[in-house]
Amino acid sequence: MMVVMKAGSSQEEVQQVVSLVKSWGLEAHLSSGEERTVIGMVGDTRKVQKEVFFHFPAIERIVPISHPYKLASREFIPNNSSFALDGVIMGGKGVVVIAGPCSVESRSQILETAHAVREAGGHALRGGAFKPRTSPYAFQGLGEEGLEYLAEAREATGLPIITEAMSPEQVPLVARFADVIQIGARNMQNYALLHAAGESQHPVLLKRGMSATIEELLMAAEYILSHGNRRVMLCERGIRTFETATRNTTDINAVPVLKNMTHLPVILDPSHSTGNWKYVSAIARAGVAAGADGLIVEVHPRPEEALSDGGQSLNPQRFAEMVCQIRAIAEAVDRTLATSKVEVPAC
Ligand code: PEP
Ligand code: MN
């Protein structure tokens, strides 16, 4: 439920309503627009005595929120959420490109990739140190050693780091090294992990579960937001369908649908959603054309040697080509490529 205050209400009038909401044991979330202030009520709204609101002349109307997610909804927070990562704005007008290998494999591999990502105009470096692999016999990641190499790559290139935490216990460690905690598709509904990521107050990239609905994704985000952590990005990474020609099916619809339903930044992962490097640039372009705020793309200096997801990884040259295509698409839809540390070479 939301209380919409009349245009020009004073701070004191807003505060009176906030105190009233709190007196019912509810949380009051303020959203101040240019004209109007909206107060969102979160908690057990059965305690709300609506008739009491009649005594507050500065209230314009009370609006019920129809969705089970509140803090994630655009109804509740109408303006896009954005936050800065080392000077790179996530959720702003500029489209952000996050790139790097599926897994951190060695010190030299992540440093080489980080330099290539930076040179091509990428904005942040990805790389898994803890890997959620389908097979227990597959490479599981370098763990803390991988996090140390990522930190060194950030030092060398200035690129912020994004890497996955697979359990609540890993959250403090990952938060110490990384700028953004990734929650993977397989863990989208790991509620203990969502809780820990929320409590950490660290930026989070939440990936959509492979069989999760958009509403379930937003409910998972709500868990993180409800701990007061507002720096959450959502990631469409392809869903399971009957189609077997690609690893997953990119739910391109999810991009404009999410932009409509939520104020949170929306990132598209064209690598996991196709599973084949040949389709990655095309789907990256489609994602930006559809309104994505950013991309997360797998890049490996020698994809044929990768220990995980080599088949869907771009080599540095193909990645550089993709970045300059993305710039053209961004400009065509009245966006830009976010400012990067280097001048992006012409296509
Ligand atoms: C990854 O980003 O390497 C990954 C494992 O992604 P997802 O959780 O989307 O499968
Ligand atoms: Mn991967």
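Treat the numbers as computed from the prediction; the structure is a model and nothing was measured.

### A short note on the sheet that holds strand E4 (residues 59-63)
Link 1 in the chain: The strand order across the open sheet built from four strands is E2-E3-E1-E4, with neighbouring strands paired in antiparallel fashion. The sheet is open, and its two edges are formed by strand E2 (27-32) and E4, each paired on a single side. Geometrically, the sheet is characterised by an average inter-axis angle of 20° between neighbouring strands, direction not taken into account.
Link 2 in the chain: Bridge count between E2 and strand E3 (residues 37-42): six bridges; the pairing is antiparallel. Within E3, the position partnered with Ala-28 by the bridge is Met-41.

### Things to note about the domain arrangement of the protein chain
Link 1 in the chain: Under the domain assignment used here, the protein chain contains domain 1 (2-63) and domain 2 (83-337).
Link 2 in the chain: The distance between the C-alpha centroids of domain 1 and domain 2 comes to 37 Å.

### Quick look at the pattern of salt bridges
Link 1 in the chain: Summed over the entire model, instances satisfying the criterion amount to 17 salt bridges.
Link 2 in the chain: Of the charged contacts in the structure, one is a salt bridge between Glu-60 and Arg-61, with a shortest N-O distance of 3.1 Å.
Link 3 in the chain: Judged by relative accessible area, Glu-60 falls into the partly exposed class, the value being 35%.
Link 4 in the chain: We note a salt bridge from Asp-293 to Lys-259, for which the minimum N-O separation is 2.8 Å. In this pair, Asp-293 is assigned in the loop between helix H9 (277-289) and strand E14 (294-298) and Lys-259 in helix H7 (residues 254-261), connecting sequence segments 34 residues apart.
Link 5 in the chain: Via salt bridges that share partners, Arg-36, Glu-60 and Arg-61 belong to a single interconnected network.

Cut-off values and rules
Residues numbered from 1 in each chain as written. Chains lettered and ligands numbered in written order. Predicted model: local features only at pLDDT ≥ 70, side-chain atom pairs only at ≥ 80, totals over all residues. Heavy atoms only, no water. Pairing = 2+ DSSP bridges. Helix = DSSP H or I, 4+ residues; strand = E, 2+ residues; numbered from the N terminus. Axes fitted to C-alpha atoms, helices over the stretch in contact; angles between N-to-C directions. Domains from an automatic or database assignment. Salt bridge = Lys/Arg side-chain N within 4 Å of Asp/Glu carboxyl O. Buried < 20%, exposed > 50% of the residue type's maximum accessible area, 1.4 Å probe, protein only.

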